[in-house]
Amino acid sequence: AQSVTQPDARVTVSEGASLQLRCKYSYSGTPYLFWYVQYPRQGLQLLLKYYSGDPVVQGVNGFEAEFIKSNSSFHLRKASVHWSDSAVYFCAVSANSNNRIFFGDGTQLVVKP
Amino acid sequence: EAAVTQSPRNKVAVTGGKVTLSCNQTNNHNNMYWYRQDTGHGLRLIHYSYGAGSTEKGDIPDGYKASRPSQENFSLILELATPSQTSVYFCASGRDSHEQYFGPGTRLTVL
């Protein structure tokens, strides 16, 4: 079965700084990978996804992620964060053989002014 | 615009009472899902469905039933609600193994 580990429960960065949120997945095949964002008292929204092809995928609001198969990682990056990026970010993995998505426990991002 | 809606948005129930949470999607997705979200546990899958008439157990189905009467609607039923079921519940729709689209959530408090 698939699984996802997000090792950082909380990350604090200053506005304007660069960001990396870490994600490692466990799956023996080629995964489908996702990053979701959850703002306070809202549902999860898809930020970006990787199915195949270019391992660097672009998402909304300047976010990007890189699929590194050799490291089983799919870290999320942003060059310059804004205070409005404060939210909880979930990494998720799915397989082509089933209809489920497995979510990590999430990383809370706090952007200091 | 395609969307997933949930009702009610907030619910207070008494222990032992019956609670029904409803979800409607206009994405025309075959698959629908119910999750609960608790601090320290992330998202946990309760039940899911591949289409009208089907329901499948997720990772934490005990104490919950699900019903999928149509492509658009998926309900989560708590026959005998307990305080441990106090949580935020999210419904989602999706196709195959592709991304899922989430509703805004229902905040349930069982007293």
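What you are looking at is a predicted structure, and each value in this text was computed from that prediction instead of being measured.

Attention now goes to the overall build of chain B. In terms of helices and strands, chain B carries 0 helices and 11 strands. Walking chain B from its N terminus toward its C terminus, one meets helices and strands in the order β-β-β-β-β-β-β-β-β-β-β. In terms of overall dimensions, chain B is globule-like: its C-alpha atoms have a radius of gyration of 13 Å, near the 13 Å expected for 111 residues. Principal-axis analysis of the C-alpha atoms gives chain B an extent of 35 × 25 × 25 Å. Residues classed as buried in chain B amount to 53% of the 111 residues present. The contacts in chain B between residues at least 6 apart in sequence include a share of 54% that link residues at least 24 apart. Counting only carbon and sulfur atoms, one obtains 48% of the accessible surface of chain B, whose full area is about 5100 Å². One way to put it: in chain B the 10 positive side-chain charges average out to a point 8 Å from where the 9 negative ones average out.

What follows deals with the pairing of strand β8 (residues 64–68) of chain A. Residue and element names in this part refer to chain A. Every second residue of β8 is oriented toward a common face, the buried set being Ala-65 and Phe-67 and the non-buried set Glu-64, Glu-66 and Ile-68. Bridging between strand β7 (residues 56–58) and β8 involves 3 bridges; their strand directions are antiparallel. Paired with Val-56 across the two strands is Glu-66, which belongs to β8. Where β7 folds back on β8, the antiparallel hairpin that results is connected by 5 residues, among which Asn-61 adopts a positive phi of roughly 55 degrees. Note that β8 and strand β9 (residues 73–78) share 5 bridges and pair antiparallel. Within β9, the position partnered with Phe-67 by the bridge is Phe-74.

This part takes up the sheet that holds strand β7 (residues 65–67) of chain B. Strands pair in a sheet through their backbones, by hydrogen bonds, and they do so in one of two ways: parallel or antiparallel. Residue and element names in this part refer to chain B. Taken in spatial order, the 4 strands of this open sheet run β1-β3-β8-β7, and their pairing is antiparallel. In the strand order of this sheet, the two ends are held by β1 (4–7) and β7, each with one partner. Looking at each pair of strands side by side, their axes are set apart by 20 degrees on average, direction ignored.

Turning our attention to the state of the cysteines. Applying the stated rule across the entire model yields 2 disulfides over all chains. Between Cys-23 of chain A and Cys-91 of chain A runs a disulfide, and the two sulfur atoms are separated by 1.9 Å. Between Cys-23 of chain A and Cys-91 of chain A, the disulfide has an S-S torsion of -65 degrees and is therefore left-handed. Of this pair, Cys-23 of chain A sits in the loop between β3 (19–21) and β4 (24–26) while Cys-91 of chain A sits in strand β10 (residues 87–94); the two residues are 68 residues apart in sequence, bridging distant segments of the chain. Cys-23 of chain A gets classed as buried once you look at its relative accessible area, which sits at 0%. The residue that forms a disulfide with Cys-23 of chain B is Cys-91 of chain B, at a sulfur-sulfur distance of 1.9 Å. Judged by the sign of its S-S torsion, about -80 degrees, the bond between Cys-23 of chain B and Cys-91 of chain B is left-handed. Of this pair, Cys-23 of chain B sits in strand β3 (residues 19–25) while Cys-91 of chain B sits in strand β9 (residues 87–94), and the two are 68 residues apart along the sequence. This pair shows no difference in class: Cys-23 of chain B is buried, exactly as Cys-91 of chain B is.

What follows concerns unusual backbone geometry. A cis geometry characterises the amide bond from Ser-7 of chain B onward to Pro-8 of chain B, with omega recorded as -5 degrees. If you trace the backbone, Pro-8 of chain B turns up in the loop between β1 and β2 (10–13). A positive phi angle, close to 55 degrees, is found at Asn-61 of chain A, a residue other than glycine. Locating Asn-61 of chain A in the fold gives a position in the loop between β7 and β8.

Thresholds applied
Residues numbered from 1 in each chain as written. Chains lettered and ligands numbered in written order. Predicted model: local features only at pLDDT ≥ 70, side-chain atom pairs only at ≥ 80, totals over all residues. Heavy atoms only, no water. Helix = DSSP H or I, 4+ residues; strand = E, 2+ residues; numbered from the N terminus. Rg over C-alpha atoms; globule rule 2.2 N^0.38 Å. Buried < 20%, exposed > 50% of the residue type's maximum accessible area, 1.4 Å probe, protein only. Contact = heavy atoms within 4.5 Å. Areas by Shrake-Rupley, 256 points an atom, 1.4 Å probe, with all protein chains shown as cover. Lys, Arg positive; Asp, Glu negative; His and termini not counted. Charge placed at Lys NZ, Arg CZ, Asp CG, Glu CD. Pairing = 2+ DSSP bridges. Axes fitted to C-alpha atoms, helices over the stretch in contact; angles between N-to-C directions. Disulfide = S-S within 2.5 Å.

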